[in-house]
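Structural overview for review
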Amino acid sequence: MDIHEECGVFGVMAPEICDVASISYYGLYALQHRGQESCGIVVNDDGVFVSHKDMGLVSEVFNSDILSRLPKSNMAVAHVRYGTTGGTNRNNCQPIEVNHQKGRMALAHNGNLSNAAELRSRLELHGAIFHTTSDTETIAYIITKERLRTASIEDAVSQAMNTLDGAYSLVLMSPQKLICARDPYGFRPLCYGKTADGMYVIASESCAIKAVGAEVIRDVYPGEILVFSKAGVESRREHCQKKDKKLCIFEYIYFARPDSVIDGVSVHASRIAAGKILARTHPVDADIVIGAPDSGLDAALGFSQESGIPYGIGLIKNKYIGRTFISPEQGARLDGVKIKLSALEESLRGKRVVLVDDSIVRGNTMGRVVKLIRDAGTKEVHVRISSPPFLHPCYYGTDIDSEKHLIACKHSIDEIRKIIGADSLGYLPEEALEQLARGCGFCSACFDGNYPTKVPKDTRKDRFEKRLSSIKK
Ligand code: SF4
């Protein structure tokens, strides 16, 4: 519950001129869980790009007045962001728009390149000037550079993919075409669908495709490029099956919305399976199973189904806390967790409670949640975690960034139990991850250290800002 998601991408191409800005807005709304720092929509008005981007939630950045000022058109790309590279500022809002010698491009990206620093340095040595500190601009630069010597924008994307390494699900727009591409490992999800009246929609997750009234056609294959134009849909697969598939397993455990289906696997079913496995591998006598909202609810249901211990609601979340929530400062005698969550005494008093959550990162939040539940008059609190312990940082678009912040790197499971104040603690066994992915190849590097790509040297979120400030000195 301490981890931030990465980003969400969305694209639309309609057969007729229509309100693609509003369609994008509803698509972004369905993807809000993937990024709450900033969002944006770029509309293609007959080759002229008109955009609105800002810091904040979709509901804070857009209103009916702003949407009505975006032109009616047949194409748009959109993005919600939680920055995993590059600071939190307006400059880094996406989609990124670039003018180049052969036209314009708007680009939305989910993921992190593992070779972004090398690529950026190489470009800068050849005179490139960057306006943002996010690695998305590096991708935009490489595509537009390739575009100088290729016959089409999709050829440029394909050429760029020879250089990019790491996680990227892209949606981009030229004056004439909407294009999406998924990295050859397929780290981040990407799928597309169609409405009955012929409008194509691309999204990070199937929940956004359904939200705008379209039916999911399929997931974009790892390494695939899809080109949507007046001529129809073209699938290019020259980068497919070059790598073993490595979908981020944490999409199933935590990032994705439970009603999404990723690479043929239901996220909800995957979480139920995790809960069932936990009930078998870490059984306990208890009176009630509760989930930490919202990330632990499905796995808690699975634990209850397998163990026969009744499922109940024990924690209530304040649903209206957004990016602008100001966490109380130390010394203010207020606990941020208590403002976000409250314990339902009626369900918990006098009970032995199983609390299910998706992960423990530093342990501070979990410690406070356990205390909250204890203060509601419970007899015992048993914590079950629907993922293995985090032992390694992630380089592919999440903010699990340093071993020194990971509690499981410094403490044994029993020590963590004591630190969080639980009566017992059980994690999902690493071998069980396979059952969550159901035959879909996956990345589990943050648990086992087996990184699919070369590991970057500097992984700080603000590495490009830090470099800039050291140059100024
Ligand atoms: Fe996902 Fe962990 Fe792999 Fe990162 S390292 S992509 S969080 S499984």
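These numbers were taken from a predicted model, which means no experiment stands behind them. (Residues numbered from 1 in each chain as written. Predicted model: local features only at pLDDT ≥ 70, side-chain atom pairs only at ≥ 80, totals over all residues. Heavy atoms only, no water.)

1. Some thoughts on the overall build of the chain
Tallying secondary structure elements over the chain gives 18 helices and 23 strands in all. What you see for the chain is a C-alpha radius of gyration of 23 Å, in line with the 23 Å of a compact globule of 473 residues. Once the C-alpha set of the chain is aligned to its principal axes, its extents read approximately 70 × 55 × 45 Å. By residue count, 58% of the 473 residues in the chain fall in the buried class. For the chain, the share of sequence-separated contacts (at least 6 apart) that also reach a separation of at least 24 residues comes to 69%. Summing over all exposed atoms, the chain offers an accessible surface of approximately 19500 Å²; the carbon and sulfur share of this is 49%. (Helix = DSSP H or I, 4+ residues; strand = E, 2+ residues; numbered from the N terminus. Rg over C-alpha atoms; globule rule 2.2 N^0.38 Å. Buried < 20%, exposed > 50% of the residue type's maximum accessible area, 1.4 Å probe, protein only. Contact = heavy atoms within 4.5 Å. Areas by Shrake-Rupley, 256 points an atom, 1.4 Å probe, with all protein chains shown as cover.)

2. Some remarks on the sheet that holds strand β17 (residues 288–291)
Overall, parallel pairing links the four strands, which are arranged β17-β20-β21-β22 in an open sheet. Edge positions in the sheet fall to β17 and β22 (424–427), since each has one partner strand and no second. On average, each strand axis in the sheet is tilted by 20 degrees relative to the strand beside it, whichever way the strands run. Note that strand β21 (residues 380–385) and β22 share four bridges and pair parallel. The residue bridging Val 383 from the neighbouring strand is Leu 425, located in β22. Here helix α13 (residues 364–375) sits on the sheet and contacts β17, β20 (352–357) and β21; the angle it forms with β21, its principal contact strand, is near 145 degrees. (Pairing = 2+ DSSP bridges. Axes fitted to C-alpha atoms, helices over the stretch in contact; angles between N-to-C directions.)

3. Let's talk about the domain arrangement of the chain
The domain boundaries assigned to the chain delineate domain 1 (7–246) and domain 2 (266–319 + 334–441). Using C-alpha coordinates to define each centre, domain 1 is positioned 34 Å away from domain 2. Listed as interface residues are 11 residues of domain 1 and, on the opposing side, seven residues of domain 2. Viewed at the interface, domain 2 and domain 1 are joined by one residue pair in polar contact (both at pLDDT 80 or more). A breakdown of the residues in the side of domain 1 that touches domain 2 according to their chemical character gives three nonpolar, five polar and three charged. (Domains from an automatic or database assignment. Polar contact = N/O pair within 3.5 Å; in protein donor to acceptor, adjacent residues only side chain to side chain. Nonpolar A, V, L, I, M, F, W, Y, C, P; charged D, E, K, R; others polar.)

4. Quick word on the sheet that holds strand β9 (residues 191–194)
Pairing in this open sheet of seven strands is antiparallel, and the strands run β3-β2-β4-β1-β10-β9-β11 from one edge to the other. The open sheet has two edge strands, β3 (48–55) and β11 (215–219), and neither has a second partner. Sheet twist, expressed as the mean angle between neighbouring strand axes with direction ignored, is 15 degrees. As paired elements, β9 and β11 share four bridges and run antiparallel to each other. Within β11, the position partnered with Lys 194 by the bridge is Glu 215.

5. Quick notes on the nonpolar core
Formed by 46 residues in total, the largest nonpolar core has its most connected members in Ile 249, Tyr 252 and Phe 303. Broken down by secondary-structure element, the contributors of at least two residues to this core are β14 (247–248), α8 (249–255), α9 (267–281), α10 (297–307), β20, α16 (433–437), β23 (442–443) and α17 (445–448). The greatest single-element share of this core, amounting to six residues, is contributed by α8. Looking at which domains feed residues into this core, each of domain 1 (7–246) and domain 2 (266–319 + 334–441) supplies at least three. Once residues lying within four places of it in the same chain are set aside, the contact partners of Tyr 252 are Leu 247, Ile 262, Asp 263, Val 265, Val 267, Ser 270, Arg 271, Leu 436, Ala 437 and Cys 440. Ranked by size, the runner-up nonpolar core spans 31 residues in total, among them Ala 21, Cys 39, Leu 67 and Val 80. (Core = buried A, V, L, I, M, F, W, Y, C linked by side-chain atoms within 4.5 Å.)

6. Thoughts on the packing of aromatic side chains
Counting across every chain of the model gives 17 aromatic pairs. On the basis of an interplanar angle of 75 degrees and a centroid distance of 5.5 Å, the ring pair of Tyr 25 and Tyr 29 is categorised as edge-to-face. Here Tyr 29 and Tyr 25 lie together in helix α1 (residues 20–30), a separation of four residues that amounts to about one turn. Geometrically, the ring pair formed by Phe 130 and Tyr 141 is tilted, given 5.0 Å between the ring centres and 50 degrees between the ring planes. With Phe 130 in the loop between α4 (116–125) and α5 (135–147) and Tyr 141 in helix α5, the pair connects residues that are 11 residues apart, well separated along the chain. Assessed through its relative accessible area of 13%, Phe 130 is described here as buried. Tyr 141 sits in the partly exposed class, given a relative accessible area of 25%. Site record: aromatic cluster; members linked through ring pairs are Tyr 185, Phe 187, Tyr 395, Tyr 396 and Tyr 451. Lying over the aromatic face of Phe 130, Arg 120 brings its terminal NZ or CZ to 4.2 Å of the ring centre. (Phe/Tyr/Trp six-rings, centres within 6.5 Å; stacked < 30°, edge-to-face > 60°. Lys NZ or Arg CZ within 6 Å of the ring centre and 35° of its normal.)

7. Some points on the packing of α5 against helix α6 (residues 153–161)
Look at α5 against α6: their axes get within 8 Å of each other, and the N-to-C directions meet at 125 degrees. With respect to each other, α5 and α6 are oriented oblique. Relative to α6, the crossing made by α5 is right-handed. Between α5 and α6, the residues in contact are Ile 142, Ile 143, Glu 146 and Arg 147 and Ile 153, Ala 156, Val 157, Gln 159 and Ala 160, respectively. For the contact of α5 with α6, the per-class residue count stands at six nonpolar, one polar and two charged. (Parallel < 35°, antiparallel > 145°, perpendicular 65-115°, else oblique. Left-handed = near helix turned anticlockwise from the far one by under 90°.)

8. A look at the pattern of salt bridges
The tally for this structure, following the rule as stated, stands at 25 salt bridges. Residue Arg 120 pairs with Glu 124 through a salt bridge whose shortest N-O separation is 3.6 Å. Of the two residues, Arg 120 and Glu 124 are both situated in helix α4; the distance of four residues between them amounts to about one turn of the helix. Since its relative accessible area comes to 2%, Arg 120 is described here as buried. Overlapping salt bridges bring together Arg 34, Arg 188, Glu 205 and Glu 251 as one network. (Salt bridge = Lys/Arg side-chain N within 4 Å of Asp/Glu carboxyl O.)

9. Observations concerning the environment of Ala 279
As for its placement among the helices and strands, Ala 279 is situated in helix α9. Note on Ala 279: relative accessible area 9%, which makes it buried. For the pair formed by Ala 279 and Ser 307, sequence separation is 28 residues and the distance between their alpha carbons is 5.8 Å. When sequence neighbours within four positions are dropped, the list of residues in contact with Ala 279 reads Phe 303, Glu 306 and Ser 307.

10. Let's talk about the environment of Ser 169
Tracing the sequence through the fold places Ser 169 in strand β7 (residues 169–173). Residues Ser 169 and Cys 7, 162 residues apart in the sequence, show an inter-C-alpha distance of 9.7 Å. Not counting residues up to four positions away in its chain, the partners in contact with Ser 169 are Val 9, Ala 108, His 109, Asn 110, Ala 181, Arg 182, Arg 188, Pro 189 and Leu 190. From its side chain, Ser 169 meets the backbone oxygen of Arg 188 in a polar contact 3.1 Å long. In terms of polar contacts, Ser 169 uses its side chain to reach the backbone carbonyl oxygen of Pro 189, at 3.4 Å.

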